[in-house]
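What follows is the residue order along each chain.
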Amino acid sequence: MRIHFGTLLLSAMIAMVLWGMAHGTSSIERSIDIPVIFDHVPDDLVITGHTADAVNIRVQGSRAALRNVKDSKLEYRIDMAGARPGPAAFEVETSSVEEDLPRGARIVSRSPSSIEVSLEQKGRKSLAIRADVEGEPAAGFGVSSVEVDPTHVWVTGARSDVLRLSEVVTEPVPVAGATQSVERKVRLSLGSDHVWREKDGDVTVRIQIDPVPEDQPAAPSRRKS
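Cut-offs applied
- Residues numbered from 1 in each chain as written.
- Predicted model: local features only at pLDDT ≥ 70, side-chain atom pairs only at ≥ 80, totals over all residues.
- Heavy atoms only, no water.
- Phe/Tyr/Trp six-rings, centres within 6.5 Å; stacked < 30°, edge-to-face > 60°.
- Lys NZ or Arg CZ within 6 Å of the ring centre and 35° of its normal.
- Helix = DSSP H or I, 4+ residues; strand = E, 2+ residues; numbered from the N terminus.
- Contact = heavy atoms within 4.5 Å.
- Buried < 20%, exposed > 50% of the residue type's maximum accessible area, 1.4 Å probe, protein only.
- Pairing = 2+ DSSP bridges.
- Axes fitted to C-alpha atoms, helices over the stretch in contact; angles between N-to-C directions.

Peer 1: How should I be thinking about the packing of aromatic side chains in this particular structure?
Peer 2: Aromatic rings in a pair are described by how distant their centres are and how their planes are angled relative to each other. Counting across every chain of the model gives zero aromatic pairs. The ring of Trp 154 carries Arg 124 above its face, with NZ or CZ at 4.0 Å from the centroid.

Structural data, given as structure tokens:
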């Protein structure tokens, strides 16, 4: 029995097309983590904690549909309008996320089922800035003076954290082995994730280093306590 080569080739092509159609339309699942975004937080409140940074969703659909899911464009948004100080719980409802999925894909599960958020009243305060001078100048030299510009900064954030602060410290400014004055632009260490500067701007530390007379001991540098 002789089988024509063209018939075999046609049969193989039809089989490949049917295989591709079957696999392209078969239902599969995919797990995706989408970031949580908090919208419309009242101006007088600060979020001090939440139980989840992301919501995990399982999406079901054809391979073709899931290939078109754009992870980077998916977000889970929580409307915080009208929130009050204290704890609050929000049920995770994914219908708005499902609207952003391509046709043929749907969400079959999500985790967690709810997200708890802690909110606190906002406070503000003007604080002195202290330079953290690290190390000792070279032998025969000492720190004559330390200046910070500006001398104070306004901070805002969670009221309890703001009230606990008595000053703001700069990042360390090394003077070890120095024989000349030091001037450096530095960042501030606020000591809390829930406190921040009201206005950005440079902070400059100027450390005057001078020779010490032989009959006078070198003054110790100021260190962070």
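Peer 1: Explanation requested: the side chain of Asp 39 in the structure shown.
Peer 2: For Asp 39, the location among the structural elements is in strand β1 (residues 27–39). Setting aside chain neighbours within four positions, we find Asp 39 in contact with Arg 77, Ile 78, Asp 79, Met 80 and Ala 81.

Peer 1: Would you mind going over the environment of Asp 202 with me for this structure?
Peer 2: Within the element layout of this structure, Asp 202 appears in the loop between β15 (195–197) and β16 (203–211). Along the sequence, Asp 202 and Val 186 sit 16 residues apart, while their C-alpha atoms lie 7.2 Å from each other. In this structure Asp 202 touches Asp 149, Pro 150 and Lys 185, once residues within four positions along its chain are discounted.

Peer 1: Sorry if this is basic, but what is going on with unusual backbone geometry here?
Peer 2: For residues other than glycine, phi is negative in most cases, and the peptide bonds are mostly trans. Cis geometry marks the peptide bond from Ser 111 to Pro 112; its omega dihedral reads 0 degrees. Relative to the assigned elements, Pro 112 resides in the loop between β6 (105–111) and β7 (114–130). In this chain, Asp 149 is followed by Pro 150 through a cis amide linkage whose omega measures 0 degrees. When you line up the elements, Pro 150 lands in the loop between β9 (141–149) and β10 (152–158). Non-glycine residue His 40 carries a positive phi angle of around 55 degrees. Along the chain, His 40 falls in the loop between β1 and β2 (45–50). On the basis of relative accessible area, His 40 is assigned to the exposed category, the value being 56%.

Peer 1: Help me understand the pairing of strand β5 (residues 86–91) in this model?
Peer 2: In regular strands, side chains alternate between the two faces of the sheet. Counting buried positions along β5 yields zero of six residues, so the element is predominantly exposed. In this structure, β5 lies alongside β7, joined through six bridges in antiparallel fashion. Bridge pairing in β7 links Gly 86 to Leu 119.

Peer 1: I would appreciate a short explanation of the sheet that holds strand β13 (residues 182–186) in the present structure.
Peer 2: The strands that make up a sheet are held in pairs by hydrogen bonds between backbone atoms, and each pair lies either parallel or antiparallel. Taken in spatial order, the three strands make up an open sheet running β9-β16-β13, and their pairing is antiparallel. Of all strands in the sheet, those with a lone pairing partner are β9 and β13, marking the two edges. Within the sheet, the average angular offset between the axes of one strand and its neighbour, ignoring direction, is 20 degrees. Both β13 and β16 contribute to a ladder of five bridges, which runs antiparallel. Following the sheet pairing, Val 186 is matched in β16 by Val 203.

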